[in-house]
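# Descriptive analysis of the structure
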Amino acid sequence: MPDSPSREALAWAAAFVAYVALGYWTKGLVLNWIIGPLFPLFVLILIPQALGGRNSR
Amino acid sequence: MSWAAHEFENYFIQKHAGVKISFLGLAIGTLSPDLFTKSFVYRSDDPAMFHRGWPGVGFSHSLIFGVAFALLVLWATRSRSWSLGILIGQWAHVFTDVADTAGVMPFFPFSTEPVTISMWRHAASEGPYGDAAAYYSSLGGMWDLFWLVLLILVARRTLTADYFRTTILPADPRAWAWLHRRTRLGERGLLTLYRGLCFYGAGRMVSWFLYARFGARTPFQPLWNGPSYLTSYNDLSDAGALEVVWRTTLGGILFAGFLWMIWRLIGARLWRRGVDPPLVERNRTFF
């Protein structure tokens, strides 16, 4: 996740748009209480890290 | 039933309870009434009755269920902040679900009379997608929006890194430290996990609202007892208002007596042997 507050807010907004779009498309597949709360963790922290991005842990 | 309101209310409650309750306990408490029952509701012959009534799993939406769950957790973990979080979270869920036509049985088993203000129609009989479309075509969607606005106006500080560091972690240092050790997530990761419930609530609110408008194309009818395009009210009781008040009052009195007895027999003892997070752990740095 980016360091500056504005970049962080942008990252959260992008994740939110992605989640809403995925939710609209797949419905119950991502709009559930397991995937939903974990989605930002995967998109903002774990996936960027796995892809070799900045170490955010 | 309420949808995203159950996610937003956690942050609102946490803001008022501070370090006295565990956010993780609170979240599990809020989820608990639907956690193991919701997936069966849509497969039932009479979803509203199964979900909220008796016979059915309606007892999961009663105050006694929260008491039993909280006492069980207090006995097993000795954690006061977890047990209090579970109790308050489960009770918040019960009171929030009073708003739909099926209502809840708050004082089960002393009264099986559903209590409802019939703001919107319980629509589980429409299946999961029909239910979502109906909810976000009724005042239910507005109810979610109300809680989101309340969260933003009153409790937005609970979403900050500073609040997480000074209140959420100290209220429940053992569980967060365990998560840190098991997942190797740092503060940012745990903060993201903490914010995840709010993200999920807002995300599913917008997604299902869009689905209702552009997918299911159901008419937007945010009026009391709507949406009127549904043919069934799913009201579980045909009792008159006075009868409901009488039965509920009697149930409430009996429940209060039961609660007092349980506290004297078990609760007080478990509470005394329970522990708050030690100050040394509260001030500990995980990262």
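Residues numbered from 1 in each chain as written. Chains lettered and ligands numbered in written order. Predicted model: local features only at pLDDT ≥ 70, side-chain atom pairs only at ≥ 80, totals over all residues.

## Points about the overall build of chain A
Tallying secondary structure elements over chain A gives two helices and zero strands in all. For chain A, the residues scored as buried account for 26% of the 57 residues in total. (Helix = DSSP H or I, 4+ residues; strand = E, 2+ residues; numbered from the N terminus. Buried ≥ 20, exposed ≤ 12 C-beta atoms within 10 Å, placed from the backbone.)

## Here we look at the interface of chain A and chain B
The interface is formed by 20 residues belonging to chain A together with 22 residues belonging to chain B. Those elements that provide at least two residues to the side of chain A that touches chain B are helix 1 (5–26) and helix 2 (35–50) of chain A. Broken down by element, the residue count for the side of chain A that touches chain B peaks at eight residues, all from helix 2 of chain A. Split into classes, the residues belonging to the side of chain A that touches chain B amount to 14 nonpolar, four polar and two charged. (Contact = placed C-beta atoms within 7 Å. Nonpolar A, V, L, I, M, F, W, Y, C, P; charged D, E, K, R; others polar.)

## Some thoughts on the packing of helix 1 (residues 5–17) of chain B against helix 11 (residues 187–215) of chain B
Residue and element names in this part refer to chain B. Taken N-terminus to C-terminus, the directions of helix 1 and helix 11 make an angle of 140°; their axes are 8 Å apart at the nearest point. As the angle between them shows, helix 1 and helix 11 are arranged oblique. Helix 1 and helix 11 meet at a crossing whose hand is left-handed. Of helix 11, the residues touching helix 1 (which contributes Glu-7, Phe-8, Asn-10 and Tyr-11) are Leu-197, Cys-198, Tyr-200 and Gly-201. A per-class count over the contact of helix 1 with helix 11 returns five nonpolar, two polar and one charged. (Axes fitted to C-alpha atoms, helices over the stretch in contact; angles between N-to-C directions. Parallel < 35°, antiparallel > 145°, perpendicular 65-115°, else oblique. Left-handed = near helix turned anticlockwise from the far one by under 90°.)

## Brief notes about helix 9 (residues 161–171) of chain B
What sets the pattern is the α-helix's 3.6 residues per turn: residues three or four places apart point alike. Here helix 9 of chain B has its buried residues at Tyr-163, Phe-164, Thr-167, Ile-168, Leu-169 and Ala-171 of chain B. Looking at the buried residues of helix 9 of chain B, the elements they touch are helix 2 (23–35), helix 6 (80–96), helix 10 (173–183) and helix 11 of chain B.

## What to know about the packing of helix 2 of chain A against helix 11 of chain B
Two elements in contact, helix 2 of chain A and helix 11 of chain B, have axes whose closest approach is 6 Å; the angle formed by their N-to-C orientations is 125°. As the angle between them shows, helix 2 of chain A and helix 11 of chain B are arranged oblique. The interaxial crossing formed by helix 2 of chain A with helix 11 of chain B has right-handed handedness. Here helix 2 of chain A contributes Gly-36, Pro-37, Leu-38, Phe-39, Pro-40, Leu-41, Leu-44 and Ile-45 of chain A to the contact with helix 11 of chain B, which in turn contributes Arg-188, Gly-189, Thr-192, Leu-193, Arg-195, Gly-196, Leu-197, Phe-199, Tyr-200, Gly-203 and Arg-204 of chain B. Considered class by class, the residues forming the contact of helix 2 of chain A with helix 11 of chain B number eleven nonpolar, five polar and three charged.

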